[in-house]
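# Remarks on the overall topology
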Amino acid sequence: MGSRLIKNILWLLLGVIYLFTVKHEDSVVFLDVGQGDSILVQKGDIQLLIDGGPDEKILYELSKYVPIYDRKIEYILLTHPHDDHLVGLLEVLERYDVGEILYYPVCYDNENYRYLLQNYDNFREIGQGDTIRLKDMEIEVLWPVLNKKEKGCVPQFNNNLNNDSLVLSFEFLGKKFLLMGDIEMEAEDVMLRDGLVDGEYNVLKAGHHCSSSSSSETFLKMVSPELAICSAGEANSFGHPSSETLQNFSEYNVQYLVTYEKGNIQIK
Ligand SMILES: [Zn+2]
């Protein structure tokens, strides 16, 4: 055998040994999936995976936190059906046994969304006021309102699908989390007006990859997070995260972390 082959086998063995050392750990992980969102909430051996990023990278990142013998993901949640949140979930659905798919049945015509809806049947529709239970922990859905369907789906809030993102809040690990999906200012304003977001949070997953159309100053003042997470790919074509938003964070004493700089951001 050549020494190169031996080296490769050794690396492979090390990789396998590493995978077997992964244990369940209570945590929230903002996964670095490039340009997209994916957040793993793990409580004991129960997982909630919120979005899956744009491609199969999610599988590799998940394997760093979900033990190799645990092939069940109890819940996956699609905040909204844009590809940078949805496509990775399709990969997860193929390779894991998924308990329930939680989603907000918004009207949107997209090939991957259609594929999801046509090929699976373990859905639960959720909206404002619903809760997701992970053992004794409750995750609250703050937005959007699950209005009446027209032709099988709920019309968009203002013809901007980002504003139909599921917004989640919960307390875990001694911290209050607020996950905004791709929400932009129009929906933030309504949430503030209606008192849906009316307190302080420790960790904010800032809306829409920290673009300048999200995280208004009024919103930041109300939420006053200690830490904001920007889930974004390097040098992305939309200019996320926006320098304006990052400046606002600094102005309001909000520390921030960007996934393409930090890699996976685990809070435990
Ligand atoms: Zn997005």
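Scroll up to find the structure.
In what follows, the accompanying structure is described. (Residues numbered from 1 in each chain as written. Predicted model: local features only at pLDDT ≥ 70, side-chain atom pairs only at ≥ 80, totals over all residues.)

Let us look at the overall build of the chain. Along the backbone of the chain there are eight helices and 14 strands. In terms of overall dimensions, the chain is globule-like: its C-alpha atoms have a radius of gyration of 19 Å, near the 18 Å expected for 268 residues. Oriented by its inertia axes, the alpha-carbon framework of the chain measures out at about 70 × 45 × 40 Å. Taken over 268 residues, the chain has a buried fraction of 40%. (Helix = DSSP H or I, 4+ residues; strand = E, 2+ residues; numbered from the N terminus. Rg over C-alpha atoms; globule rule 2.2 N^0.38 Å. Buried ≥ 20, exposed ≤ 12 C-beta atoms within 10 Å, placed from the backbone.)

Let us look at the nonpolar core. The biggest cluster of nonpolar side chains holds 61 residues, and the ones touching the most others in it are I39, L77, L166, V167, L179 and L204. Once you skip the residues sitting within four places of it in the chain, L179 turns out to touch I39, I50, V167, L168 and K205. (Core = buried A, V, L, I, M, F, W, Y, C linked by C-beta atoms within 7 Å. Contact = placed C-beta atoms within 7 Å.)

Pairing geometry for strand β7 (residues 131–134) and strand β8 (residues 137–143), over four bridges, is antiparallel. Along β8, the bridge assignment pairs R133 with E138. The antiparallel pairing of β7 with β8 creates a hairpin that spans two residues between the two strands, and K135 there sits at a positive phi of about 55 degrees. (Pairing = 2+ DSSP bridges.)

The subject of this paragraph is the sheet that holds strand β1 (residues 27–30). One open sheet holds the seven strands; their spatial order is β6-β5-β4-β3-β2-β1-β14, and the pairing between them is mixed. Either end of the sheet is taken by a strand with one partner, and the two such strands are β6 (123–125) and β14 (265–267). Strand-to-strand twist of the sheet, defined as the mean angle between neighbouring strand axes without regard to direction, takes the value 20 degrees. Bridge count between β1 and strand β2 (residues 39–43): four bridges; the pairing is antiparallel. Within β2, the residue paired with V29 across the bridge is L40. Running at roughly 160 degrees to strand β4 (residues 72–78), helix α3 (residues 83–95) makes contact with β3 (46–50), β4 and β5 (97–103) of the sheet. (Axes fitted to C-alpha atoms, helices over the stretch in contact; angles between N-to-C directions.)

It is worth spelling out the sheet that holds strand β10 (residues 175–179) at this point. Spatially, seven strands are ordered β7-β8-β9-β10-β11-β12-β13 in an open sheet, and the strand pairing comes out mixed. The sheet terminates laterally at β7 and β13 (255–258), the two strands that pair on one side only. The average undirected angle you get between the axes of adjacent strands in this sheet is 20 degrees. Bridge count between strand β11 (residues 203–205) and strand β12 (residues 227–230): three bridges; the pairing is parallel. Across the sheet, the residue bridging to L204 is A228, located in β12.

What follows covers unusual backbone geometry. For the bond from W143 to P144, the omega torsion is -10 degrees, close enough to zero to count as cis. In this structure, P144 sits in the loop between β8 and β9 (167–172). In the Ramachandran plot, K135 falls in the positive-phi region, its phi being about 55 degrees despite a non-glycine side chain. Mapped onto the elements, K135 comes out in the loop between β7 and β8. In this structure, N253 is a non-glycine residue whose phi angle is positive, near 55 degrees. Classification of N253 as exposed rests on a count of 10 C-beta atoms within 10 Å.

Time to look at helix α5 (residues 185–193). Among the residues making up α5, those that are buried are A187, E188 and M191. Buried residues along α5 cover an arc of 105 degrees about the axis, so they all sit on one side. Residues of α5 that are buried make contact with β8 and α6 (217–223). With its phi angle positive at about 70 degrees, G195 sits one or two positions after the end of α5. (Arc of directions from axis to C-beta.)

Time to look at the environment of M137. Within the secondary structure layout, M137 lies in strand β8. Once the C-alpha coordinates of M137 and F172 are considered, the two residues, 35 residues apart in sequence, prove to be 7.4 Å apart. Residue contacts for M137: discarding those within four places in its chain leaves K43, F170 and F172.

The topology assignment puts S214 in the loop between β11 and α6. Placed 26 residues apart in sequence, S214 and E188 show a C-alpha to C-alpha distance of 7.8 Å. Setting aside anything within four residues of it in sequence, one finds S214 in contact with I183, E184, M185, E188, A206, G207 and H208.

Right, let's talk about the packing of α3 against helix α4 (residues 111–119) for a bit. Across the interface, α3 lies against α4 with an axial gap of 10 Å and an inter-helix angle of 40 degrees. The orientation of α3 relative to α4 falls into the category oblique. Note on packing geometry: the crossing formed by α3 with α4 is left-handed. Contacts between α3 and α4 pair D83, L86, V87 and L90 from the former with N112, Y113, Y115 and L116 from the latter. (Parallel < 35°, antiparallel > 145°, perpendicular 65-115°, else oblique. Left-handed = near helix turned anticlockwise from the far one by under 90°.)

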